[in-house]
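# Breakdown of the fold
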Amino acid sequence: MSSEQMIQQLIQAIDLANNPASQADLNSQALQFLNNTKTANNAPEIFIELIKYASRSSQSSQLSSSSSSSSTLVSATPTSPNNNIYKFVGFQALAELIPNANINQLQFIKSYVIEYVSAALAQANISSNNNNNNNTNNTTNNTNLTSDPEYVRNKVCEIFSILFYFMYGQCNNNLWNTFFQDLMSIFKLEPIITCPSSIINNRVCQLGLDYFLRITLQINTEIADQTFVVNKQIQQKNNNLKDFMRINDITNLTIVWLNVLMNLESVETVINLALTNVGSFVSWIDINLIVQPQFINSIFKFLDTNTIACCTCLSEIIAKKMKPADKLQLLQLLNLTDKITQLFNTQDLEIIENLAKLVNAIGIEYTIICENASVNESSNNNNANNNTKNGNKNLNNLTNGNIDPNNSEYVQMADTNILENVCPLILQFLSNEEFFEVNLQVLPFISSYLSFLKKNFALGGKPGSAVNLQSRKLTIDQAHLTFCKNLLIVVHNKSLINDNFDIDSIEEINEFDENFRSKIKKLLSLLF
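What comes next is a walk through the structure. (Residues numbered from 1 in each chain as written. Predicted model: local features only at pLDDT ≥ 70, side-chain atom pairs only at ≥ 80, totals over all residues. Heavy atoms only, no water.)

### Observations regarding the pattern of salt bridges
Under the counting rule described, the total for this entry stands at ten salt bridges. When the shortest N-O distance is used, the salt bridge between R246 and D243 registers 2.4 Å. Taken together, the residues R246 and D243, both in helix α11 (residues 232-248) and three residues apart, mark about one turn of the helix. Here E265 and K301 are joined by a salt bridge, their closest N and O atoms 3.8 Å apart. Of this pair, E265 sits in the loop between α12 (250-263) and α13 (268-281) while K301 sits in the loop between α14 (293-300) and α15 (307-318), and the two are 36 residues apart along the sequence. The class for E265 is partly exposed, based on a relative accessible area of 44%. In the salt-bridge network here, residues are joined through shared partners; they are E150, R153, D210 and R214. (Salt bridge = Lys/Arg side-chain N within 4 Å of Asp/Glu carboxyl O. Helix = DSSP H or I, 4+ residues; strand = E, 2+ residues; numbered from the N terminus. Buried < 20%, exposed > 50% of the residue type's maximum accessible area, 1.4 Å probe, protein only.)

Okay, structure coming up:
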């Protein structure tokens, strides 16, 4: 069978499999044919030819529609309406083939995906130049990201991330140690490292940045997401890859993220990707690469405009595991509660919900400090040594202030911040009358903090029991008592069926009972 005949059969199979009106037996046969093709010795060549065919068809369609006034690229010819689907299936097949590929096949797939994205960037550059000729005020290079739909770009990025996993580092026999340097070159991103900030906006390829930031996110998913770790061997390989990245490439990645945040604030998609990268990587890289005034200020400026991505990023930063003294320094430096207070005027549910999540995360981190600071100093030191391997070093560059090494001071400082800065915001979010979803976001902190208070202030245990005799028997002070009373008032009010409910809707009331009242009942059990 010729290559052209094979491609036509693949296309027919994809069309059948992708057609919901196809008969079940034909659909099954089509899927079986696709799966059998993946087992062929020349499967990489076959599916790359499929992608090439779809790309040629898309280009022909674009040329035939070049006289159209529409700015959207047409992605298929009249006779082949599914070119992007063909590309997606081709890249998906390559993704499945890479883990079992030999070195020659890996190099072959690598060469093609580089060729593919290079062609996409060249086409996007032509489109950008045409736009610039029509608009002399357009200073942003390559604003058109429609060369491929997002789902195809994501699949291309997945291919790069899998190639990384099987070719990068000493654990892969150093097959592609220049992975990140090569991608910087392919995507025309050298200016973001080498050029002055004033001209980065005009020199950096936006589509290249989009690809690069998506690839790095995929890589983090491959090596840092514990969901995909199924055995110790995989965990060890992931650790080796992270160690190799820390030594060779992480510093340059953080420079890319910083310069994007500093110089490309008008490009929302790219900013969101950069913020997501920072939040994703921060758990296992040196915190000092991120927590420095220039970087933190660059993140803060997007709390108003890219609130959701920024809140998620900040939540991940403050969740970084570290010793109580360092975590206190970090939280005090960020001073997030003051900044969140300034954003309360919004009526956007998703934004309010994410602000509530961030406040909840701040409160939980302070509570963790309170709980962990009571652990003996030697245990803290052992944990600190383990965390250093994950990028946790002393926060030397945060502040010149000193924190008393006495553990009780950590508890007092953290608890004071909770009462004075966190709890007022928590109660405000819990009191929100418009959005039930917002109330739910702050319940984890309330539960955690009440558990801490109960350990410190409640007697606990039956009279004469070991728990009772070892209880601290502290009398609750006025500040904590006031919080508990205010919380009880808010909880009582929120538990009532008010005018916002349709009293004739049993489903709505049952949902309220199941999703909110049941959780509130658990909180009340911590108060009494």
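Still more ground to cover, so stick around.
### Brief notes about the packing of helix α16 (residues 324-334) against helix α18 (residues 349-372)
Running from amino to carboxyl end, α16 crosses α18 at an angle of 155 degrees, the nearest separation of the two axes being 10 Å. Relative to α18, the element α16 is oriented roughly antiparallel. In the crossing of α16 with α18, the sense of the turn from one axis to the other is left-handed. Residues P324, K327, L328, L331 and Q332 of α16 lie in contact with α18, whose contacting residues are E365, Y366 and I369. Of the residues that constitute the contact of α16 with α18, the class distribution is five nonpolar, one polar and two charged. (Axes fitted to C-alpha atoms, helices over the stretch in contact; angles between N-to-C directions. Parallel < 35°, antiparallel > 145°, perpendicular 65-115°, else oblique. Left-handed = near helix turned anticlockwise from the far one by under 90°. Contact = heavy atoms within 4.5 Å. Nonpolar A, V, L, I, M, F, W, Y, C, P; charged D, E, K, R; others polar.)

### Digging into unusual backbone geometry
Although it is not a glycine, N174 adopts a positive phi angle of roughly 60 degrees. Of note, N335 is a non-glycine position whose phi angle comes to about 50 degrees, a positive value. Within the secondary structure, N335 sits in the loop between α16 and α17 (336-341).

### Quick notes on α13
For α13, which comprises 14 residues, the first-to-last C-alpha distance of 20 Å matches the rise-based estimate of 20 Å (1.5 Å per residue) to within 8%. V270, I271, L273, A274, L275, N277, V278, G279 and F281 are the residues of α13 that are buried. The elements touched by buried residues of α13 are α10 (206-224), α11, α12, α14 and α15. (Expected span 1.5 Å × (residues − 1).)

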